[in-house]
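# Summary of the model geometry
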There are 2 protein chains.
Amino acid sequence: MTTTAAPQHEQQTGTDAPAGPRATAVPDDVRDAVLDVARRAQVAARSLATATRATKDAALHAMADFLVAGTQEVVAANAVDLERGRAAGISPGLLDRLTLTPERIVAIADALRELAALPDPVGEVVRGSTLPNGLRLRQLRVPLGVVGMIYEARPNVTVDAAGLALKSGNAAVLRGGSAASGSNDVIVRILGEALESVGLPADAVQSIDGHGRAGAVALMHARGLVDLLVPRGGADLIRTVVQEATVPVVETGTGNCHVYVDADADVETAVAIVLNSKTHRVGVCNAAETLLVHEAAAPTVLPVVLAALHEAGVTVHGDGATTRLAPDGVPVVAATDEDWATEYLSLDLAVRVVPDLDAALEHIRRWSSGHTEAIVTRSLAASEEFVARVDSAAVMVNASTRFTDGGQLGLGAEIGISTQKTHARGPMGLAELTTTKWVVHGEGQVRT
Amino acid sequence: MTTTAAPQHEQQTGTDAPAGPRATAVPDDVRDAVLDVARRAQVAARSLATATRATKDAALHAMADFLVAGTQEVVAANAVDLERGRAAGISPGLLDRLTLTPERIVAIADALRELAALPDPVGEVVRGSTLPNGLRLRQLRVPLGVVGMIYEARPNVTVDAAGLALKSGNAAVLRGGSAASGSNDVIVRILGEALESVGLPADAVQSIDGHGRAGAVALMHARGLVDLLVPRGGADLIRTVVQEATVPVVETGTGNCHVYVDADADVETAVAIVLNSKTHRVGVCNAAETLLVHEAAAPTVLPVVLAALHEAGVTVHGDGATTRLAPDGVPVVAATDEDWATEYLSLDLAVRVVPDLDAALEHIRRWSSGHTEAIVTRSLAASEEFVARVDSAAVMVNASTRFTDGGQLGLGAEIGISTQKTHARGPMGLAELTTTKWVVHGEGQVRT
């Protein structure tokens, strides 16, 4: 399954937002139900905003305990979802992502405990000072309030999202898709019981799965009630939410990532980085989708890289120069602009030989989705220029694109990887589910 | 001229975005012209992104010099705008805001020089570390790219906006409204000449004034070309842009600000803060619009405060309790919910007596636009609870609401005051016109 990343050049048409999605009809009863959920989330958020870290961590541990204690019930509900899925003919891969076993439930619970171990972003004093007139100023980190998450049929994300929201002091409104709705209902109920066991409101975690796609749309329009909406899933889901929503959204995940092998590059390093970036995991946003090679390095580097890719089962889509340099036995599918634009999410890689660094940067500028770009080089000047001129969430110098990941970069939890520029960019951690407020203390100071 | 701030409770209807504004027809030629401007801005932004602070500061000084040198031409173009304005019967206040004199041009130029003296936000290393596997990680502050500003008929904002964008490494696309279009055309041309004199592209500052309201709408829809759109002006302008835009927007300015005088409050401090918050400057977003008084303090505080307000020419709109406590000779207009919702932007103040801190917080939660709320109190507990529970961009303890201001809080330049929660909140400085990117250096590290 490939998705065509919306390359920057396509976005430059600047056409008016299509009338279609905005005209999606939401039945009144669904809209009212979802707004009611959002209002209750807003009320719950008030308690969460002033909850201590100790309370929130106790809640996370309770959520973990209650989930494990409820294994039988969760697995039973999950079995019903799986049966429905099989009957509907969903793929083995999707069925697997849907499946909850006792072992997986333990792992999901452990992830909640790990969250509890992380520092609390709420209450951080981002900066502060004392002003000439004596006013004491602090910029304080505070929860956003109500965080919505729309994701696709992965019950572990239900728990993950609830935990991340709670740890950062937010109430969560979750829409996990119909495939896992039975599992999610039970999970959300159990999480609510856990919350109440430590004195927090059950409404801190709510699901709108019961209201279908119209419910998701109603959530996207709940301005003033939802402070941030995070879509997690395929490009279509993300695009729909970004276009449809009137609440703040963070655009996550589309990764048409590039590896550029410069003129002065070590062959072994190039092979290792290209292979890892493409094949370490395939259906993920930080996998490389296009390889660019400086024409001076191509004759040395490409035959080795292409052979290694072929051996790893990767189908190469290349330009004329790539085809000419491919070793015997390594077929190259002729590449078109479609290939430069495509985030394959499979063992496919687009390959292009470029005249120089400028041309590589121009290709990246045109086709990138702004996620991750890597350069392999021994030239300090080339590495510095690449870093300075690439406009993406992450730039790698002699490292795999797969490192664009909250866990890998030591950020603790990760909500998703933002490819937009405002509010959050790159791997989003707990801090990205917060905002700030200014707090000023005086003794009656006024402006003169 | 009053504007009804959209109080939070009104936003809770969560109705779908109205079809009207989204269906605003933009003629093809206007759309093409504006997209062309935006594309050229994007190209110019690439040079700006890697420009040194020295170059940008030289540009700011050149812009200042060229403006002063071009005083005659600017004043002449301004005179034509003023003549048009008089013929159209615009108010004296608006005419004054439109007027450029040689002295004002010097002040505007000086503001550019002050910008040059500020630190460059670009290049800041927000955080960084070395990972267990040896990767060196940096989160680097970088320009957003193309910043659009839509504002109302104030030629000094043209220069201000251009300077702020340039200092933070962005290209600016400006829409200043038709009233000042002649002045703005000349100003933008002069600024372009100044930029070129230091080797920067003139397209770093462009205006779309010539394309009218349709041009502004086209700019709001230029997704992929405009990285941030900042509206500066009245509530109607802001609301239109926020609803219409498909590019990232920062919602600025609507300030239905509150001062709450607690049970244990010093009367003189209360009077000073209320008076300053309401009357120091009147048509501004950080002016107080509603006074809340704890019922225990009301008999002592209100008569004094109301008398002082009356003497300052403020019309009081009050509830029954306020009316009963008003001294002789101080008329009180009966207040309704409309008054709690209204950002008067005039010498009018809504006054309400509340039973306790909880009620004050509930009133604020219901009616506030999320800008600034102040408490006057001697009670530590009350001040801490107020600070913890108010969900606005700024919270003042014993200080005037008028301090919510970039200059006053020592933030350097101020683009506007954001009342939204994502990306920026409160006074926006240069850093809010930037984003970040992750830069990772390795020696060939891959994921295992």
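Worth saying up front: this structure is predicted, and the values here are computed from it rather than measured. (Residues numbered from 1 in each chain as written. Chains lettered and ligands numbered in written order. Predicted model: local features only at pLDDT ≥ 70, side-chain atom pairs only at ≥ 80, totals over all residues. Heavy atoms only, no water.)

A count of helices and strands for chain A gives 17 helices and 18 strands. A compact globule built from 448 residues would reach a C-alpha radius of gyration of about 22 Å, and chain A, at 24 Å, matches this within 12%. In terms of principal-axis extent, the alpha carbons of chain A reach across some 70 × 65 × 45 Å. When the 448 residues of chain A are sorted by exposure, 58% land in the buried category. Contacts in chain A between residues at least 24 apart in sequence constitute 74% of all its contacts with a sequence separation of at least 6. (Helix = DSSP H or I, 4+ residues; strand = E, 2+ residues; numbered from the N terminus. Rg over C-alpha atoms; globule rule 2.2 N^0.38 Å. Buried < 20%, exposed > 50% of the residue type's maximum accessible area, 1.4 Å probe, protein only. Contact = heavy atoms within 4.5 Å.)

Here the focus is the environment of Arg104 of chain A. All names here are of chain A. Mapped onto the fold, Arg104 is located in helix α7 (residues 102-117). Using a relative accessible area of 33% as the deciding quantity, one classes Arg104 as partly exposed. For the pair formed by Arg104 and Ile208, sequence separation is 104 residues and the distance between their alpha carbons is 24 Å. With residues near it in sequence (within four places) discarded, Arg104 still touches Asp96 and Thr99. At a separation of 2.9 Å, a polar atom in the side chain of Arg104 contacts the main-chain carbonyl oxygen of Thr99. (Polar contact = N/O pair within 3.5 Å; in protein donor to acceptor, adjacent residues only side chain to side chain.)

Another aspect to go through is the packing of helix α16 (residues 357-367) of chain A against helix α17 (residues 380-389) of chain A. Residues and elements named next belong to chain A. Across the interface, α16 lies against α17 with an axial gap of 11 Å and an inter-helix angle of 25 degrees. The angle between α16 and α17 places the two elements in the roughly parallel class. As for how α16 packs across α17, the hand of that crossing is right-handed. Here α16 contributes Leu357, Asp358, Leu361, Ile364 and Arg365 to the contact with α17, which in turn contributes Ala382, Glu385, Phe386 and Arg389. Residues belonging to the contact of α16 with α17 are distributed by class as follows: five nonpolar, no polar and four charged. (Axes fitted to C-alpha atoms, helices over the stretch in contact; angles between N-to-C directions. Parallel < 35°, antiparallel > 145°, perpendicular 65-115°, else oblique. Left-handed = near helix turned anticlockwise from the far one by under 90°. Nonpolar A, V, L, I, M, F, W, Y, C, P; charged D, E, K, R; others polar.)

With that settled, the discussion passes to the sheet that holds strand β8 (residues 257-261) of chain B. The strands making up a sheet associate through hydrogen bonds between their backbones, and the pairing can be parallel or antiparallel. Strand order in this open sheet of 10 strands is β2(A)-β3(A)-β18(A)-β15(B)-β14(B)-β8(B)-β9(B)-β13(B)-β10(B)-β11(B), and the pairing throughout is mixed. Each edge of the sheet is formed by a strand with only one pairing partner; in this case those strands are β2 (125-130) of chain A together with β11 (332-334) of chain B. In this sheet, neighbouring strand axes are inclined to one another by 25 degrees on average, regardless of whether the strands run parallel or antiparallel. (Pairing = 2+ DSSP bridges.)

Another aspect to go through is helix α9 (residues 181-197) of chain A. Residue and element names in this part refer to chain A. In a regular helix each residue adds 1.5 Å, so 17 residues correspond to 24 Å; α9 covers 24 Å between its end C-alpha atoms and thus fits that length. Turning to α9, its buried residues are Ser181, Ser183, Asn184, Val186, Ile187, Val188, Ile190, Leu191, Gly192, Ala194 and Leu195. In the stretch just after α9, Gly199 is the one whose phi turns positive, near 85 degrees. (Expected span 1.5 Å × (residues − 1).)

Before going further, it helps to spend a moment on the pairing of strand β3 (residues 136-143) of chain A. All names here are of chain A. When you tally the buried positions in β3, you get six out of eight residues, the bulk of the element. Where β2 hands over to β3, the hairpin turn is made up of five residues, of which Gly134 adopts a positive phi near 95 degrees. Here eight bridges tie β3 to strand β18 (residues 434-445), and the two strands are oriented antiparallel to one another. Within the sheet, the bridge partner assigned to Leu140 lies in β18 and is Lys437.

Now for helix α12 (residues 267-279) of chain A. Residues and elements named next belong to chain A. With 13 residues, α12 ought to run about 18 Å at 1.5 Å a step, and its terminal C-alpha atoms sit 18 Å apart, in line with that. In terms of burial, α12 is largely enclosed, as 10 of its 13 residues are buried. Turning to α12, its buried residues number three or more, namely Val267, Thr269, Ala270, Val271, Ile273, Val274, Leu275, Asn276, Ser277 and Lys278. The residue sitting at the N-terminus of α12 and contributing the capping side-chain oxygen is Asp266; that oxygen lies 3.4 Å from the backbone nitrogen of Glu268.

Here we come to the relation of the copies chain A and chain B. The transform that puts chain A on chain B rotates by 180 degrees and translates by 0.0 Å along the axis, for an RMSD of 0.1 Å. The symmetry that links the two subunits is that of a two-fold axis. When each C-alpha of chain A is compared by its distance to the rotation axis, His423 of chain A comes out closest, at 1.8 Å. A share of 100% of the interface residues of chain A reappears at the interface of chain B, consistent with the copies meeting face to face through the same patch. (Least-squares fit on C-alpha atoms with pLDDT ≥ 70 in both.)

All names here are of chain A. On inspection of all chains with the given rule, the structure shows two aromatic pairs over all chains. Their ring planes at 20 degrees and their centres at 6.1 Å tell us that Tyr260 and Phe386 sit as a pair that is stacked. You can see Tyr260 sitting in strand β8 (residues 257-261) and its partner Phe386 sitting in helix α17, a full 126 residues away along the chain. By relative accessible area, which is 0% here, Phe386 ends up buried. (Phe/Tyr/Trp six-rings, centres within 6.5 Å; stacked < 30°, edge-to-face > 60°.)

Glancing now at the UniProt feature "domain: Aldehyde dehydrogenase" (unreviewed entry) in chain A. Taking the numbering used here, the UniProt-annotated feature "domain: Aldehyde dehydrogenase" (unreviewed entry) corresponds to residues 27-313 of chain A. For residues 27-313 of chain A, helix accounts for 54% and strand for 16%, while the C-alpha atoms at its two ends are 48 Å apart. (UniProt positions renumbered as here; feature names shortened; annotations may be inferred.)

Looking now at the interface of chain A and chain B. Taken together, the contact pairs 82 residues of chain A with 83 residues of chain B. Buried surface at the junction of chain A and chain B, both sides included, amounts to about 6800 Å², of which 52% is carbon and sulfur. Remark: the boundary between chain A and chain B carries six salt bridges. With a closest N to O distance of 4.0 Å, Arg447 of chain A and Asp405 of chain B form a salt bridge. On inspection of chain A and its partner chain B, the count reaches 37 residue pairs in polar contact (both at pLDDT 80 or more). At the level of secondary structure, the elements contributing two or more residues to the side of chain A that touches chain B comprise α3 (28-49), β3, α12, α16, α17, β15 (394-399), β17 (426-428) and β18 of chain A. Here the side of chain A that touches chain B gets 11 residues from one element, more than from any other, and that element is β18 of chain A. Each residue belonging to the side of chain A that touches chain B can be placed in one class, and the counts come to 31 nonpolar, 30 polar and 21 charged. (Buried area = accessible area lost by both parts, 1.4 Å probe. Salt bridge = Lys/Arg side-chain N within 4 Å of Asp/Glu carboxyl O.)

In this section: the side chain of Ser277 of chain A. Residue and element names in this part refer to chain A. Take Ser277: it is sitting in helix α12. Accessibility expressed as a relative area gives 0% for Ser277, which makes it buried. In this structure the side chain of Ser277 is engaged in a polar contact, spanning 3.1 Å, whose partner is the backbone nitrogen of Thr401. Look past the residues within four positions of Ser277 in its chain and what remains in contact with it is Val259, Asn286, Ala287, Ala288, Ser400, Thr401 and Arg402.

With that out of the way, let us pick up the sheet that holds strand β3 (residues 136-143) of chain B. The sheet built from 10 strands is open, its strands ordered β11(A)-β10(A)-β13(A)-β9(A)-β8(A)-β14(A)-β15(A)-β18(B)-β3(B)-β2(B) with mixed pairing. Taken across any chain shown, the strands that pair with only one partner, and hence form the sheet edges, are β11 (332-334) of chain A together with β2 (125-130) of chain B. Sheet twist, expressed as the average angle between the axes of neighbouring strands with direction ignored, equals 25 degrees. The sheet contacts of α17 of chain A involve β8, β14 (372-376) and β15 of chain A together with β18 (434-445) of chain B, and relative to β18 of chain B the element is tilted by about 150 degrees.

Where interface size is quoted, it is often the accessible area lost as the parts come together. Residues and elements named next belong to chain A. Here chain A is described as being made up of domain 1 (28-252 + 416-439) and domain 2 (257-403). Just the C-alpha atoms count here: the centres of domain 1 and domain 2 sit 36 Å apart. The partner domain 2 presents seven residues to the six residues of domain 1 that form the contact. For the domain 1 and domain 2 pair, buried surface summed over both sides reaches about 530 Å², with 54% attributable to carbon and sulfur atoms. Of all residues in domain 1, Ile417, Thr419 and Arg425 give up the largest surface area on contact with domain 2, accounting jointly for 76% of the area buried on that side. (Domains from an automatic or database assignment.)

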